[in-house]
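Commentary on secondary and tertiary structure
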Amino acid sequence: MREKTVTEAHIDFSEYLDRRRLFVEQRLIGYLIATDPDILWQSMRYSVLSGGKRLRAILCLSAAEAVAEAAAVPPKENEVFETVMPCACAIEMVHASSLIHDDLPALDNDDYRRGKLANHKVFGEAVALLAGNALLLYANEVILTKTPSSVDPSVIAALVTELARACGPMGMVGGQVDDLAFTGSVDAVKSSSDNDGDLLLERIHCRKTGALIRFSLWSGAKLMGAALSELDVLEKFANTLGLAFQIADDLLDVTGDIKSLGKTPGKDVQAKKVTWVTVYGSERSRRRLKELENDGLALLDNGVFDPAATTHLKSLLQYAIHRSS
Ligand code: IPE
Ligand code: IPE
Ligand code: MG
Ligand code: MG
Ligand code: MG
């Protein structure tokens with residue numbers, strides 16, 4: 001068979017993304033139809049159903065698909081979706097919760113998110129705070145009650161445990177606290193040794209952003225019964241993608257505009273955030289991204305997966321790095 005041209009491959013990938021986004025959106029709407037207390041559900045829906053790339057949900061589906069393809073009798077796409085979708089949607093709820101809290105005046109004090117007013121600008125800080133909490137807890141309820149009964153209960157218990165770990169003090173919340181603790185310390189980090197600066201940035205980024213991305217890939221694979229060797233490769237790939245994703249976000253803060261980003265650019269410099277770009281500058285951040293792209297692609301080609309099974313994971317890494325929103 002003739003190889004696809006770059007343009008054909010690109011069209012394939014954007015169709016791949018669109019189709020998965022559509023499934024995720026539809027399922028999220030279905031999970032968020034409750035109305036009591038009305039203002040709380042409105043606030044939850046406002047943030048979860050406001051677009052976004054759905055990258056984490058798609059990473060979860062894509063990891064599941066990569067593992068499924070290696071099975072002796074690969075399951076149908078629909079079976080994979082049915083098995084993974086509750087977890088993929090739960091991840092988007094946790095992510096939306098982190099964005100609501102991240103935008104609060106006590107954290108980044110941002111007025112816009114996904115091209116709309118931030119949750120607290122519409123619903124007030126109290127409801128925004130509570131909607132964020134509710135989404136975190138509801139995400140677990142969705143995994144526990146909506147994952148098909150064909151999935152082994154020990155796998156579901158592992159999902160909930162790992163999600164708690166990814167969000168909690170060792171994960172996202174811990175990373176957010178570090179992010180705040182080092183806000184204003186750009187000069188101090190710049191004058192530390194390169195190694196110390198790298199370690200600090202990696203520690204913040206891996207926790208605040210990497211932990212949920214790691215869970216996204218791990219959970220999709222786990223739900224499909226991945227072997228330890230597959231989980232191991234995906235974990236290394238996730239660490240690379242997670243770091244690359246946040247460096248790309250740091251770069252977009254200086255190169256992006258409000259229209260494409262849907263959030264106010266220039267905030268990291270203004271707030272003196274310790275980011276790859278504020279500490280090392282754009283050029284070095286781009287070089288680091290290139291290294292991470294090469295490393296991530298090589299990781300998937302180490303013989304554990306059939307190369308055809310990881311095409312979309314590779315494209316997702318490139319998308320996370322080269323995106324404009
Ligand atoms: C933004 O995440 C917050 C970070 C972790 C940098 P995304 O860029 O994935 O946000 P959405 O979901 O597409 O809006
Ligand atoms: C946010 O990082 C990370 C989480 C929400 C956990 P940022 O503060 O850089 O994200 P943006 O730039 O506001 O989207
Ligand atoms: Mg932040
Ligand atoms: Mg922020
Ligand atoms: Mg940012």
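Located above this text is the structure these notes cover.
Residues numbered from 1 in each chain as written. Chains lettered and ligands numbered in written order. Predicted model: local features only at pLDDT ≥ 70, side-chain atom pairs only at ≥ 80, totals over all residues. Heavy atoms only, no water.

1. Re the coordination of the magnesium ion (ligand 3)
Around a metal, the idealised angle for a tetrahedral arrangement of four donor atoms is 109.5 degrees; for an octahedral arrangement of six donor atoms it is 90 or 180 degrees. Within the protein, the atoms that donate to the magnesium ion (ligand 3) are Asp102 (OD) and Asp108 (OD), at distances of 2.2 Å. The metal-metal distance between the magnesium ion (ligand 3) and the magnesium ion (ligand 4) is 3.1 Å, with Asp102 serving as a donor to both. (Donors = N, O, S within 2.8 Å, 3.2 Å for Na, K, Ca; no water.)

2. Considerations on the site of ligand 2
For ligand 2, the full set of nearby residues is Ser98, Leu99, Asp102, Asp108, Arg113, Met172, Gln176, Lys208, Gln246, Asp249 and Lys263. For ligand 2, an oxygen atom lies 2.8 Å from a polar atom in the side chain of Arg113. Side-chain polar atom of Lys208 to an oxygen atom of ligand 2: 3.4 Å apart, as the coordinates give it. Burial of ligand 2 by the protein chains amounts to 90% of its free accessible area of 390 Å². Most atoms of ligand 2, that is more than half of them, are within 2 Å of grid points of the largest pocket. When residues of the shell around ligand 2 are traced back to their parent elements, those giving at least two are α4 (77-103), α8 (172-181) and α11 (228-255). Sort the elements by how many residues they give to the shell around ligand 2 and α4 lands first, with three residues. Taken together, the residues that form the shell around ligand 2 break down as two nonpolar, three polar and six charged. (Near = heavy atom within 4 Å. Polar contact = N/O pair within 3.5 Å; in protein donor to acceptor, adjacent residues only side chain to side chain. Areas by Shrake-Rupley, 256 points an atom, 1.4 Å probe, with all protein chains shown as cover. 1 Å grid on protein atoms, 1.4 Å probe; cavity = no way out; pocket = protein on both sides within 12 Å on 5 of 7 lines; lining within 4 Å. Sits in = over half its atoms within 2 Å of the grid points. Helix = DSSP H or I, 4+ residues; strand = E, 2+ residues; numbered from the N terminus. Nonpolar A, V, L, I, M, F, W, Y, C, P; charged D, E, K, R; others polar.)

3. Thoughts on empty space enclosed by the protein
Taken as a whole and judged by the stated rule, the model has one cavity of 30 Å³ or more. Quantified by volume, the largest cavity comes out at close to 100 Å³. As for the largest cavity, its lining consists of Tyr46, Ser47, Ser50, Leu99, Ile100, Asp103, Arg113, Arg114, Lys116, Leu117, Ala118 and Asn119. Of all the elements in the fold, those that place two or more residues in the lining of the largest cavity are α2 (38-48), α4 and β2 (116-117). At three residues, α4 tops the list of elements feeding residues into the lining of the largest cavity. Partitioned by chemical class, the residues of the lining of the largest cavity number five nonpolar, three polar and four charged. (Points joined across faces, edges and corners; volume = space filled by probe spheres on them.)

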